[in-house]
Amino acid sequence: MKSYSFNTDEMKNYALSLQAGDRVLLSGTVYTARDAAHKRIMSIIEEGGELPFDIEGAVIYYAGPTPAPEGKAIGSCGPTTSCRMDPYTPHLLDMGLAATVGKGDRSQDVIDAVVRNGSVYLCAIGGAGALAAESVVSCDVIAFDDLGCESVKKLEIKDFPLVVAIDSNGCCLKGGKK
């Protein structure tokens, strides 16, 4: 296992060299999106509309951050269970999404899409939302404000601690290959 520190703009450059179990300190821009936001994003895609952010090279963090307390950029910002986004993830990866961040296992369809697209699935520490929030420098709602904490947010992060759970070869953190 290796440790890396890089910016989200470099994700595609690093994705092919990352291996399951590697640790990453990620900085740059990530977008939050959970179940309801993913449904709307897919509707926009199906209707040929414009997405709230450029999917090419983007990183989506499966989180629904809470409102920011006084003096903070964001409230608790822990990962949600990733498998709930599995119906949408292969299509988004095929559109150029560079990485997803969440917690838990992924379906075989997602693993296949990660391999097919040379992307990566990263895991954040579940149950440590307050700790994750310490890495968030700024937070702006960019779409679906009516969804509250599940709106799409643009986060600027600094040294967000993650672990590679599925690498671009299909190797999974808990061992074995797809």
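If you tally the helices and strands in the chain, you get 5 helices and 7 strands. The secondary structure elements of the chain, listed N-terminal to C-terminal, are β-α-β-α-β-α-β-α-β-α-β-β. Expected size for 178 residues packed as a compact globule is a radius of gyration near 16 Å; at 15 Å, the chain falls within 12% of this value. With respect to the three principal axes, the spread of C-alpha positions in the chain is 45 × 40 × 25 Å. Counting only residues that meet the buried cut, the chain has 50% of its 178 residues in that class. Summarising the internal contacts of the chain: among those between residues at least 6 apart in sequence, 61% fall at separations of at least 24. The average position of the 17 basic charges and that of the 23 acidic charges among the side chains of the chain differ by 7 Å.

This next bit is on the packing of aromatic side chains. The geometry of an aromatic ring pair is captured by the separation of the ring centres together with the interplanar angle, meaning the angle of the planes. Scanning the entire structure with this criterion turns up 4 aromatic pairs. Plain terms: the ring middles of F6 and Y14 are 4.1 Å apart, the flat faces sit at 5° to each other, and that makes the pair stacked. F6 gets classed as buried once you look at its relative accessible area, which sits at 3%. Ring geometry for Y61 versus F160: centroids 5.3 Å apart, planes at 65°, classification edge-to-face. In this pair, Y61 sits in strand β3 (residues 59-61) while F160 sits in strand β7 (residues 152-166), placing the two residues 99 residues apart along the sequence.

All right, on to the nonpolar core then. Counting residues in each nonpolar core, the largest one holds 30 residues, and the members touching the most others are I41, F53, I60, L92 and V152. Here the element with the most residues in this core is helix α2 (residues 35-47); it accounts for 5 residues. Within the second largest apolar cluster, 26 residues are counted, among which are V30, C77, A132 and V164.

Moving on, we get to the pattern of salt bridges. Scanning the model with the defined rule gives 7 salt bridges in all. Across the pair R40 and D146 runs a salt bridge whose closest N-O atoms are separated by 2.7 Å. With R40 in helix α2 and D146 in the loop between β6 (136-143) and β7, the pair connects residues that are 106 residues apart, well separated along the chain. Two residues, K72 and E134, come together in a salt bridge whose shortest N-O distance is 3.1 Å. Of this pair, K72 sits in the loop between β3 and α3 (89-94) while E134 sits in the loop between α5 (129-133) and β6; the two residues are 62 residues apart in sequence, bridging distant segments of the chain.

Another aspect to go through is unusual backbone geometry. Its identity as a non-glycine residue notwithstanding, F144 has a phi of 60°, on the positive side. Here F144 lies in the loop between β6 and β7. Phi at D159 is positive, roughly 55°, even though this residue is not glycine. By the secondary structure assignment, D159 is in strand β7.

It is worth spelling out the environment of D167 at this point. Tracing the backbone through its elements, the reader meets D167 in the segment after β7. Polar side-chain contacts of D167 include one of 3.0 Å to the backbone nitrogen of C171.

So, how was this worked out
- Residues numbered from 1 in each chain as written.
- Predicted model: local features only at pLDDT ≥ 70, side-chain atom pairs only at ≥ 80, totals over all residues.
- Heavy atoms only, no water.
- Helix = DSSP H or I, 4+ residues; strand = E, 2+ residues; numbered from the N terminus.
- Rg over C-alpha atoms; globule rule 2.2 N^0.38 Å.
- Buried < 20%, exposed > 50% of the residue type's maximum accessible area, 1.4 Å probe, protein only.
- Contact = heavy atoms within 4.5 Å.
- Lys, Arg positive; Asp, Glu negative; His and termini not counted.
- Charge placed at Lys NZ, Arg CZ, Asp CG, Glu CD.
- Phe/Tyr/Trp six-rings, centres within 6.5 Å; stacked < 30°, edge-to-face > 60°.
- Core = buried A, V, L, I, M, F, W, Y, C linked by side-chain atoms within 4.5 Å.
- Salt bridge = Lys/Arg side-chain N within 4 Å of Asp/Glu carboxyl O.
- Polar contact = N/O pair within 3.5 Å; in protein donor to acceptor, adjacent residues only side chain to side chain.

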